[in-house]
Amino acid sequence: MKIAIIGAGASGLMLATLLQKNNIDYDIFNKDLKIGSKIKASGNGRCNISNVNFSLEAYHNNKLSKIVENNQKLLFDYFKELKIYTKSDDEGRMYPISENSQSVLDILFKHMKPKITLETIENINKNDKGYYLNDKKYGPYDKVVLAIGSPAGIKKYYYELFDSLELPINPFYPSLVGFKTKLKIKDISGVRAKANTYLYYKDNLIHEEKGEVIFKDDGISGIVIMNQSSYYNYLKGYNNVKIVLDLLDKDYDCLDSVLAPKILKYIKEKNIDPHNFTIPISDTYDLEFAQVAKGGISIKDLNENLSLKKDNNIYAIGEVLDIDGVCGGYNLMNAFCDAIEVYKDLKNEISNKWF
Ligand SMILES: Cc1cc2nc3c(=O)[nH]c(=O)nc-3n(C[C@H](O)[C@H](O)[C@H](O)COP(=O)(O)OP(=O)(O)OC[C@H]3O[C@@H](n4cnc5c(N)ncnc54)[C@H](O)[C@@H]3O)c2cc1C
């Protein structure tokens, strides 16, 4: 059996190591030299590789997140086998002990074929011998795995592959990204403030979360706001969305040492209640600035083993699927667990053995 893996990011690299370990033949392709670049960027370069916790609420597609639930333990065992030793913080975010993404990438590279073919794959065709990529330049393969990620955080995304497979996808929207605000907040640009944040749609509370808000010239950001943005996506197309900030954890008789001077001046001048600083949202920042994307291949087009219903020799893993998680390692964990799920299926086909 020979497999083509399209995409050498988190999910594709993880799958390559698993196939390598079991002597399953494969080729892996990446469109450019930016191999594993989102693993590198994760956790601000410290590599927020996964999260020790699992909850369905950490993901916006409960059905697909079952794959994470089923494979999380196998993943953590596999980290140990690869000698990726980890530590976690109070919120369960896991990092390699080195707190350096490159060490994780180096370990993955060490456990796979040295050759990654640098080529953008734009079409997949099949005949009675198997599957061919880019007008028969590569192939034949028995199976193809789409591990091409999403358009989040990059400049150009290749939709041609979906067209060549005649595979409809749910449109991509930015998630884990800042909000553009209707309110003029330039005066407090650069200020950081701890707050309870409430996302409202038409006066209905959608999500509440505490954290640090970062004010920008034309918007707000920070991990808590990025998490709020992942809920906003599900209101897409609607107006009337606002974020309400409660800047105080309790009442004080004087706020001079409680709030940063710039924000104190701003709320005094505008007569804003610090428990109820209301910021109407105009949109999120663009996909290019997002960490992940909502959208992609829909669960209705997938079999349980992540193969496509329209062709069960073609699989899809990672962020190309319509699943997105909140901040904290959940998205990389999803990409890695999807790779394990597909590997188990391929391995089953060969020998009915796992690990
Ligand atoms: C700035 C930033 C910070 C992040 N931080 C975290 C974090 O701290 N924790 C966390 O869990 N997640 C984080 N994420 C998200 C996480 O990195 C992604 O969810 C994860 O990398 C997705 O894995 P993937 O394999 O699906 O896609 P990717 O890792 O994006 O890999 C896809 C690969 O496919 C290649 N490709 C695409 N199209 C083609 C084609 N047609 N032909 C050939 N190759 C192609 C791409 O070049 C890329 O290398 C972050 C993302 C960004 C952008």
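Residues numbered from 1 in each chain as written. Predicted model: local features only at pLDDT ≥ 70, side-chain atom pairs only at ≥ 80, totals over all residues. Heavy atoms only, no water.

Colleague: Tell me about the overall build of the protein chain, residues and numbers included.
Modeller: Per the secondary structure count, the protein chain includes eight helices and 20 strands. In terms of overall size, the protein chain behaves like a compact globule, its C-alpha atoms giving a radius of gyration of 22 Å where 355 residues would be expected to give roughly 20 Å. Counting over 355 residues, the protein chain shows a buried share of 54%. Nonlocal contacts in the protein chain, meaning residues at least 24 apart in sequence, comprise 72% of its contacts between residues at least 6 apart. Split by element, the accessible area of the protein chain, about 16600 Å² in all, is 47% carbon and sulfur. Where the 47 positive side-chain charges of the protein chain centre and where its 47 negative ones centre are 3 Å apart. (Helix = DSSP H or I, 4+ residues; strand = E, 2+ residues; numbered from the N terminus. Rg over C-alpha atoms; globule rule 2.2 N^0.38 Å. Buried < 20%, exposed > 50% of the residue type's maximum accessible area, 1.4 Å probe, protein only. Contact = heavy atoms within 4.5 Å. Areas by Shrake-Rupley, 256 points an atom, 1.4 Å probe, with all protein chains shown as cover. Lys, Arg positive; Asp, Glu negative; His and termini not counted. Charge placed at Lys NZ, Arg CZ, Asp CG, Glu CD.)

Colleague: So what's going on with helix H8 (residues 330–351)? Which residues, and what values?
Modeller: Helix length check: H8, at 22 residues, gives a terminal C-alpha distance of 31 Å against a target of 32 Å (1.5 Å per residue), a fit within 8%. Counted residue by residue, H8 has 17 buried out of 22 residues, so it is predominantly covered. (Expected span 1.5 Å × (residues − 1).)

Colleague: Pulling in residues and values, what's your account of the pattern of salt bridges?
Modeller: Inspection of every chain in the model, using the stated rule, returns 21 salt bridges. The partner of Asp27 in a salt bridge is Lys2, and the shortest N-O contact between them spans 3.3 Å. Taken together, the positions of Asp27 in strand S2 (residues 25–30) and Lys2 in strand S1 (residues 2–6) put the pair 25 residues apart, joining distant regions of the chain. Several salt bridges converge on common partners, so that one network encompasses Lys2, Asp25, Asp27 and Lys113. (Salt bridge = Lys/Arg side-chain N within 4 Å of Asp/Glu carboxyl O.)

Colleague: Hey, could you go over the site of the ligand for me, with residue numbers and the actual values?
Modeller: Close to the ligand lie 30 residues; Ser11, Asn30, Gly43, Glu319 and Leu332 are nearest. A distance of 3.0 Å separates a nitrogen atom of the ligand from a polar atom in the backbone of Lys31. In the model, an oxygen atom of the ligand is placed 3.5 Å from a nitrogen or oxygen of the Lys38 main chain. Look at the ligand: alone it shows 1000 Å² of surface, and the protein chains cover 91% of it. Those elements giving two or more residues to the shell around the ligand turn out to be helix H1 (10–21), helix H2 (37–41) and H8. Per-element accounting of the shell around the ligand gives the leading share, four residues, to H8. (Near = heavy atom within 4 Å. Polar contact = N/O pair within 3.5 Å; in protein donor to acceptor, adjacent residues only side chain to side chain.)

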